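# Reading the structure
Below, each chain spelled out in residue letters.
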Amino acid sequence: MNINLTLFGQMAAFVCFVLFCMKYVWPPILAAMQERTEKIADGLAAADRANHDLELAQEKAVERLKEAKTEASGIVDAANKRASQIVDEAKEAAVVEGDRVKASAQSDIDQEINRAREQLRGQVATLALAGAEKVLGAAIDREAHADLVDKLASEL
Amino acid sequence: MAGENPTISEYIIHHLTNLTYGKLPGGFEREDGSIIADGGAWVMAHGGAESSAMGFNAIHVDSMAWSIGLGLIFCWLFRSVAKKAETGVPSGFLNLVEMVVEFVDSTVRDTFHGNNKLIAPLALTVFVWVFLMNLMDLIPVDLIPTLLGFAGVHFQKIVPSTDPNITLGMAVGVFILMLYYSIKVKGFGFVKELTMNPFNHWMFIPVNLFMEVVGLLAKPFSLGLRLFGNLYAGEMIFILIAALFSAGWIWLIPAGLLQLGWSIFHILVIVLQAFIFMVLTIVYLSMAHEDH
């Protein structure tokens, strides 16, 4: 319990340890801790930002979905319209075609009729001559009565 | 132990005697009967009478060795952590050290408002070092002295903070820092603080000076003696409990319970005293920095 040189020994040791701690212990530990604090703060901020971004993205996705839906229904409508239009056009075209076919058939029929009529006309002249010959009992000069016969045939 | 069958008081005194190396004065008769030659001689003391005869020219080898050894353990532990300190996820011992550092840092921040790079490492050193020195108190009082007794070392106090030289040595170190910063920060204001407080009149300068100097000197003494007193008393109780074990088999269980109870209570005391020493160091240095 005597006060002696130990006092100064302890003081010297105290100074040495404090200096060591100040130089080699405190700064690196504190620097590492501060750096970690910053890192954690950054991480938390990044997480917040990511959350926010996610929310925004979700909102955007919903919006896009809505847009897509309206667009799709628009396309469907247009397609329906176009389909009915096509059907109408097809109908019209069919009618026109039908008319055309009918008309050409009619003209064919008319032609046939005319040809048959011409034939008949030719034959009528011969028949008439033959009938007249029979009636008159003599041959009729065809040349001489050509006008008469033609007139008759054209009346047919 | 010193004798074959020591009495209780011999036992206690033996436990409270430091291993001392010092200079015995010429003509001193040692315990073994030999007489020191004229001019004195540096020897290991055999017993309390010799170490007190050495006066100031002596050194407590055990206190110094344990205190420096514990200081080196502190440096080594914290340096190894400082080397490993990374920004990644800390684990195990790293966490403990960082917890202590964080705790000291926040205490310093709360108490010390100046800008001084010395205060925080100083506080950390004080806290951990004093804690480690106090921690020696929890080692059974007879264990290490007995083991060293087999090796031929007959005195050993393993708790450095029960040696007033150790606690006052640190307190005086803090005191010198206080004076240094007072003069550095306040300059002439420090003189004014000593002479013009609390009575602001030139007539009262001697009274003021006396009161302020007493107050100033009381700081390191109270700082050192508080730690010494607490740990000395704690060590004393451990020694008394240890002495109780030798009082007969009927005392075994009560002594064991006392030992356990006091040890558990002492865990609180050793941390608290380390903390108080650290906080007062910070407070005193903070006062040295503050200009009134």
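Residues numbered from 1 in each chain as written. Chains lettered and ligands numbered in written order. Predicted model: local features only at pLDDT ≥ 70, side-chain atom pairs only at ≥ 80, totals over all residues. Heavy atoms only, no water.

## Some words on the overall build of chain B
Worth spelling out the cut-off: Only DSSP runs of H or I with at least four residues qualify as helices, and only runs of E with at least two residues qualify as strands; both kinds are numbered from the N terminus onward. Three exposure classes are used, based on accessible area relative to the maximum for each residue type with a 1.4 Å probe and protein chains only: buried under 20%, partly exposed in between, and exposed over 50%. Two residues qualify as a contact provided that any one of their heavy atoms is within 4.5 Å of a heavy atom in the partner residue. All accessibility values rest on the Shrake-Rupley procedure with a 1.4 Å probe; residue burial counts only the protein chains present in the view.
The helix and strand tally for chain B stands at 10 helices and 3 strands. The order of α-helices and β-strands along chain B, N terminus first, is α-β-β-α-β-α-α-α-α-α-α-α-α. A principal-axis box enclosing the C-alpha atoms of chain B has dimensions of 65 × 60 × 40 Å. Within the span of chain B, comprising 292 residues, buried residues form 45% of the whole. Considering only contacts in chain B between residues 6 or more positions apart, those separated by 24 or more positions represent 69%. Accessible area of chain B: about 14600 Å², with a carbon and sulfur share of 71%.

## Observations regarding the sheet that holds strand S1 (residues 20–24) of chain B
Backbone hydrogen bonds hold the strands of a sheet together, and the pairing may be parallel or antiparallel. All names here are of chain B. Cut-off, in case you're wondering: Following DSSP output, two strands are said to pair if at least two bridges run between them. The convention used is that axes are lines fitted to C-alpha atoms, helices contributing only their stretch in contact, and that angles between N-to-C directions extend from 0 to 180 degrees.
Reading across from one edge, S2-S1-S3 is the order of the 3 strands in this open sheet, with antiparallel pairing throughout. Two strands lie at the open edges of the sheet, namely strand S2 (41–44) and strand S3 (58–60), each paired on one side alone. On average, adjacent strands in this sheet sit at an angle of 20° to one another, irrespective of strand direction. As defined by bridge partners, S1 adjoins S3 across 3 bridges and the pair is classed as antiparallel. For glycine 22, the partnering residue across the bridge sits in S3 and is alanine 58.

## Looking at the domain arrangement of chain B
Residues and elements named next belong to chain B. For clarity, the threshold we go by: Each domain's extent was defined by an automatic or database domain assignment. Accessible area, probed at 1.4 Å, shrinks when two parts are joined; the buried area is that loss added up over both. Polar contacts, as counted here, are pairs of nitrogen or oxygen atoms within 3.5 Å of one another; within protein the pair requires one atom able to donate a hydrogen and one able to accept it, and residues that are adjacent in sequence qualify only if both atoms are side-chain atoms.
Segmentation of chain B into domains returns domain 1 (1–57) and domain 2 (61–144 + 159–289). Averaged C-alpha coordinates put domain 1 and domain 2 at centres separated by 30 Å. If you look at the interface, domain 1 gives 11 residues, while domain 2 gives 13 residues. Buried surface at the junction of domain 1 and domain 2, both sides included, amounts to about 970 Å², of which 65% is carbon and sulfur. Contact with domain 2 buries area across many residues of domain 1, yet Tyr11, His15 and Leu16 alone supply 46% of it, more than any other trio. Our count for the contact surface shared by domain 1 and domain 2 stands at 6 residue pairs in polar contact (both at pLDDT 80 or more). Residue contributions to the side of domain 1 that touches domain 2 peak at 4 residues, all from helix H1 (residues 8–15).

## Observations regarding the packing of aromatic side chains
Counted only if it meets this: Only the six-membered ring of Trp is used, alongside the rings of Phe and Tyr, when aromatic pairs are assigned; centres must lie within 6.5 Å, and planes under 30 degrees apart are stacked while those over 60 apart are edge-to-face, with the rest tilted.
Tallying each qualifying case throughout the model produces 12 aromatic pairs over all chains. Residues phenylalanine 17 of chain A and tryptophan 129 of chain B carry aromatic rings whose centres are separated by 4.9 Å and whose planes lie at 80° to one another, so their mutual orientation is edge-to-face. With phenylalanine 17 of chain A in helix H1 (residues 6–136) and tryptophan 129 of chain B in helix H5 (residues 119–135), the pair connects residues from two separate chains. Overall, phenylalanine 17 of chain A belongs to the buried group, its relative accessible area being 7%. By relative accessible area, which is 0% here, tryptophan 129 of chain B ends up buried. In textbook terms, an aromatic cluster arises when at least three aromatic residues are bridged by ring pairs, as seen for Phe14 and Phe17 of chain A together with Trp129 of chain B.

## A look at the interface of chain A and chain B
Note the cut-off: Salt bridges are identified by distance alone: a Lys or Arg side-chain nitrogen within 4 Å of an Asp or Glu carboxyl oxygen. Only Asp, Glu, Lys and Arg are considered charged in this grouping, and only Ala, Val, Leu, Ile, Met, Phe, Trp, Tyr, Cys and Pro are considered nonpolar; every other residue, Gly among them, is considered polar.
In this complex, chain A contributes 30 residues to the contact, which on the side of chain B involves 56 residues. In this assembly, chain A packs against chain B so that about 3800 Å² is buried in total across both faces, 74% of it on carbon and sulfur atoms. Inspection of the chain A/chain B interface yields 1 salt bridge. Its salt-bridge partner being glutamate 98 of chain B, residue arginine 36 of chain A comes within 2.8 Å of it at the nearest N-O pair. In this assembly, chain A and chain B are joined by 8 residue pairs in polar contact (both at pLDDT 80 or more). Its residues assigned to classes, the side of chain A that touches chain B shows 21 nonpolar, 6 polar and 3 charged.

## Notes on the nonpolar core
Put simply, the rule is: Buried Ala, Val, Leu, Ile, Met, Phe, Trp, Tyr and Cys residues that are joined via side-chain atoms within 4.5 Å together make up what is termed a nonpolar core.
Of all hydrophobic cores here, the largest spans 64 residues; its most connected members are Ile29 of chain A together with Phe78, Val101, Val104 and Leu124 of chain B. Sorting the residues of this core by element identifies H1 of chain A together with helix H3 (61–84), helix H4 (93–111), H5, helix H7 (164–186), helix H8 (188–195), helix H9 (205–245) and helix H10 (252–289) of chain B as the ones contributing at least two each. The contacts of leucine 124 of chain B, once residues within four sequence positions are left out, are Cys21, Val25 and Trp26 of chain A together with Phe74, Phe78, Val100, Val101 and Val104 of chain B.

## Quick word on the packing of H1 of chain B against H9 of chain B
Residue and element names in this part refer to chain B. For the record, the criterion: Handedness of each helix crossing follows the sense of rotation of the near helix against the far helix: counterclockwise by less than a right angle gives left-handed, clockwise gives right-handed.
The contact between H1 and H9 brings their axes to 10 Å, and the two run at 140°. The two elements H1 and H9 cross, and the hand of that crossing is right-handed. Contacts from Ile8, Tyr11, Ile12 and His15 of H1 reach H9 at Met236, Ile239, Leu240, Ala242 and Ala243. Residues that form the contact of H1 with H9 fall into these classes: 8 nonpolar, 1 polar and no charged.

## Description of the packing of H7 of chain B against H8 of chain B
All names here are of chain B. Our working rule: Should an angle fall under 35 degrees it is taken as roughly parallel, and over 145 as roughly antiparallel, whereas 65 to 115 is taken as roughly perpendicular and any remaining angle as oblique.
Here H7 crosses H8 at 110°, and the two axes come no closer than 5 Å. Classified by the angle between their axes, H7 and H8 sit roughly perpendicular to one another. Two secondary-structure elements touch here, H7 through Leu179, Ser182, Ile183 and Lys186 and H8 through Phe188, Gly189, Phe190 and Glu193. Here the residues of the contact of H7 with H8 are counted per class, giving 4 nonpolar, 2 polar and 2 charged.

## Digging into the environment of lysine 219 of chain B
Relative to the helices and strands, lysine 219 of chain B resides in helix H9. Not counting residues within four places of it along the chain, the set of residues in contact with lysine 219 of chain B comprises Met178, Tyr284 and Met287 of chain B.

## Topic: the pattern of salt bridges
Residues and elements named next belong to chain A. In this structure the tally under the stated criterion is 7 salt bridges over all chains. Glutamate 97 is the salt-bridge partner of arginine 100, the closest N and O atoms lying 2.9 Å from each other. Of this pair, arginine 100 and glutamate 97 both sit in helix H1, 3 residues apart, roughly one helical turn. Its salt-bridge partner being glutamate 118, residue arginine 121 comes within 2.8 Å of it at the nearest N-O pair. Pair noted here: arginine 121 and glutamate 118 are both in helix H1, with a separation of 3 residues, about one helical turn. On the accessibility criterion, arginine 121 (23% relative accessible area) is partly exposed.

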